[in-house]
Amino acid sequence: MKILNKRSGILFLLMQLMQVLVLSKPLTNEMAIRQAKAMEMLKFMNLSADPCEDFYEFTCGNWNIYHSAALEDEVSTGLLEMLQKVLDANIMRLLQQPLAPDTAIDRKVKDFYKSCLNLPSLKGEYANRLKAIIAEFGQMPALVGTSKWSQEENFDWLQTVGEISHKYGIDIITGAEVAVDLADNSVNRLYINQQELGLESKSVYLDADKDKAVLLRVLLLSVASKLNEFLQMDLEWALQTAQEIVDFETSLAQGIDDFESVAEFQENLPLTTMKELQQQYGLDIDFKKLLNLSMGSVPDLKVYYSPNYIENLIKVLKATPKSKVANYIFYQLVEKFFISLPQTKEELHTNCLANMKGYFSKIFDNMVYRHYSSKQLEQGIGNMWLAIKSAFKKSLESAEQYPWIKTSTREYAIRKLEAMNMEIVSNENYNFSAAFRDLQVHEQDYLENLKSLRSLGAQQNREAINDPPEPLDLGEQLSTSPANILIENVVKLPVAMLQPNYVWSTYYAKAFNFGVLGALLAHELIHGFDDTGRNHDLQGNSLTWWDTESAENFQLRSQCFNSQYQEFVFQGKHLPDMPAQGENIADNGGVRMAYAAYLKWYENAVKEDNNDVRETMPGLQFEDKKLFFISYGQLWCGDVNPLYRKFQESTDSHVPDRFRVIGPLSNFEEFSKVFNCPKGSGMNPAKKCKIY
């Protein structure tokens, strides 16, 4: 998730006003809401651009005039970022106000938030309190001086990380967790974890690229700054220590496995027993000892592990002085308790919310759902989901549309589609009382609260190791973006999408609703049948259900997308080779299915009214089908801060936003018909790619 600067722009204020209007007087303000939306859409468009040459420029050409990421000091700007801003504003509003419907857990979380706002009062003792957390497990050489480090001879990295994991649930270098099998959701497995990287992507650490070297330098300076700020380390010494920490993490990154799919995961990670794992690696890494330390026992479960990571880790540990390993471990521990103390109250509120979202995302989503959602909106979204499913089912039933897929494979695809559900992540049925009943909250001591919360989580994880499999917990990852959880065959919609008048409204033309939220839902639906999703069955388990010939045809069509997108030029460079085409497949198929669902609604509306139906937004000269495509185009209006762009390119499986518009629509014959684009124009190339 991107935690963004909270400065309010024109669009933010406008949309907040629209939300207030719809919550207070939904009927009498219908025209005002429609006009505000139309005005917003119009101002982002560049009407002088030719929609048949560059539809992104036509729909989003003026976006940066109002929402330049660099000028607004943001990581990126766009619709999803706007939803995140509004969600954060609503959460903050709820945290700051005592409300009659508050539950006991709501009040406990609000006290937790108050303790964070009290952090400035701890400023004088913050560093010593952090050092005390380190002292629970030993000494950090960089703090006492490497030459004075008294624990070197007896330092046991595995003992240390095991004790840290047991008390605070923080896995460092390696660790273990019990979770559902990604290939069989009826059973749990034990996963031997890899180190989470500060820069997320392995390639940033290892590729010989000047731009990525800049990102490593940014990481280095960030670590040094934190050592200086939070542990009061001399800046020169902090830089030297930070270099050792980044170098060690770079060494660990060499063994990291990055997998694009469950199939790739299964192919590369062995499933074994703890006995076999111990026999193979126990002389170098005693995993039984690690599990007994961290979990209190060795679960009787099959084990997934990465040979690449473990074998590289053994080499790295043998080649690295104990003092550097200890510095890395203790930095990773104490970094989880860092929170910056800014100069202004507004920034403090922002930092506290950002920090707490990692722990209370379920509660926050539930609070927003209870206070801001409406049954009318939920019903409208539910009907849209059913319409999109119906449109896809109809297309799958047609041998004419899919002559390259054999009947048996299409029939199973239909069964999988029928079994696929959409859920709003409201956490209505989550037992918050049971989860947080034992959490002790001190209204004045945020650091102690964090320690208690992490200790409680670690204890609950140990107590749950023999529980039945549970659905994947994506936490913060679902805050603003829908997601297809392949191993459950379900599309999950975050409560951020329920905030009125952003991606759906009863007051907007259906062309807008289908072009924005419809396209997002259809995108996630298609993920269930993309290059990864098609390897999961109707229950979400790993299964090869495509016949050989149809699968080969799929690969050829997927390669068409790969070749096509590599021809696109962004920032003076062609887009890279991307063998995994799941996002592009979902973008292309998603807009087609959303459009098909819209056309079906439109045809029914015409029949019911027995006359022409005009789908309009006041002040926009575009109607019906054109309005659908403009709405879809503006779904991806956005900008990325140049300082962040290289990092995004290294970690994001999506193409830049402009090609999420240009790619799918240039492949879509109906788009060219609606805008009367001549063959050979930018948006109507001779060669088109299509899977769904």
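These numbers come from a predicted model, not from an experiment.

So, how was this worked out
Residues numbered from 1 in each chain as written. Predicted model: local features only at pLDDT ≥ 70, side-chain atom pairs only at ≥ 80, totals over all residues. Heavy atoms only, no water. Helix = DSSP H or I, 4+ residues; strand = E, 2+ residues; numbered from the N terminus. Rg over C-alpha atoms; globule rule 2.2 N^0.38 Å. Buried < 20%, exposed > 50% of the residue type's maximum accessible area, 1.4 Å probe, protein only. Contact = heavy atoms within 4.5 Å. Areas by Shrake-Rupley, 256 points an atom, 1.4 Å probe, with all protein chains shown as cover. Lys, Arg positive; Asp, Glu negative; His and termini not counted. Charge placed at Lys NZ, Arg CZ, Asp CG, Glu CD. Disulfide = S-S within 2.5 Å. Pairing = 2+ DSSP bridges. Expected span 1.5 Å × (residues − 1). Polar contact = N/O pair within 3.5 Å; in protein donor to acceptor, adjacent residues only side chain to side chain.

A. Looking closely at the overall build of the chain. A tally of regular secondary structure across the chain gives 29 helices and 11 strands. In summary, the chain has a C-alpha radius of gyration of 26 Å against a globular reference of 26 Å for 692 residues, a match within 12%. Taking the principal axes of its C-alpha atoms as reference, the chain extends roughly 85 × 55 × 50 Å. Out of the 692 residues belonging to the chain, those deemed buried represent 55%. Expressed as a percentage of contacts within the chain between residues at least 6 apart in sequence, the contacts between residues at least 24 apart total 75%. Total accessible area computed for the chain in this model is approximately 30300 Å², and 48% of it derives from carbon and sulfur atoms. Within the chain, one finds 69 positive and 90 negative side-chain charges whose respective centroids are separated by 2 Å.

B. The state of the cysteines, seen in detail. Tallied over the full model, the rule gives 4 disulfides. For cysteine 116, the disulfide goes to cysteine 352, at an S-S distance of 2.1 Å. What sets the handedness of the cysteine 116 and cysteine 352 disulfide is the S-S torsion sign, and at about -90° it is left-handed. With cysteine 116 in helix α6 (residues 104–117) and cysteine 352 in helix α18 (residues 345–372), this residue pair connects regions lying 236 residues apart in the sequence. Taken individually, cysteine 116 and cysteine 352 each receive the classification buried, so the pair is uniform in this respect.

C. Summary view of the sheet that holds strand β4 (residues 271–272). One open sheet accounts for 4 strands, arranged β2-β3-β5-β4; its pairing is mixed. At either end of the open sheet lies a strand with only one pairing partner, and these are β2 (175–180) and β4. Across 6 bridges, β2 lies against strand β3 (residues 188–193) in antiparallel orientation. Following the sheet pairing, glycine 175 is matched in β3 by asparagine 193.

D. The arrangement of the pairing of β3 in detail. The buried count for β3 comes to 6 of 6 residues, which makes it a mostly enclosed element. Of the two faces of β3, the one carrying Asn188, Leu190 and Ile192 and the one carrying Arg189, Tyr191 and Asn193 are both buried. Both β3 and strand β5 (residues 303–304) contribute to a ladder of 2 bridges, which runs parallel. Bridge pairing in β5 links tyrosine 191 to tyrosine 304.

E. Broad picture of helix α17 (residues 322–335). Taking 1.5 Å per residue, 14 residues should reach 20 Å; α17 reaches 20 Å between its end C-alpha atoms and fits that length. The element α17 is largely enclosed, with a buried count of 11 among its 14 residues. For α17, the full list of buried residues reads Ser323, Val325, Ala326, Asn327, Tyr328, Ile329, Phe330, Tyr331, Gln332, Leu333 and Val334.

F. Expanded view of the environment of asparagine 64. Here asparagine 64 is to be found in helix α4 (residues 63–67). Given a relative accessible area of 36%, asparagine 64 falls into the partly exposed group. The contacts of asparagine 64, once residues within four sequence positions are left out, are Gly638 and Asp639. Within the structure, the side chain of asparagine 64 is placed 3.4 Å from the side chain of aspartate 639, a separation counted as a polar contact.

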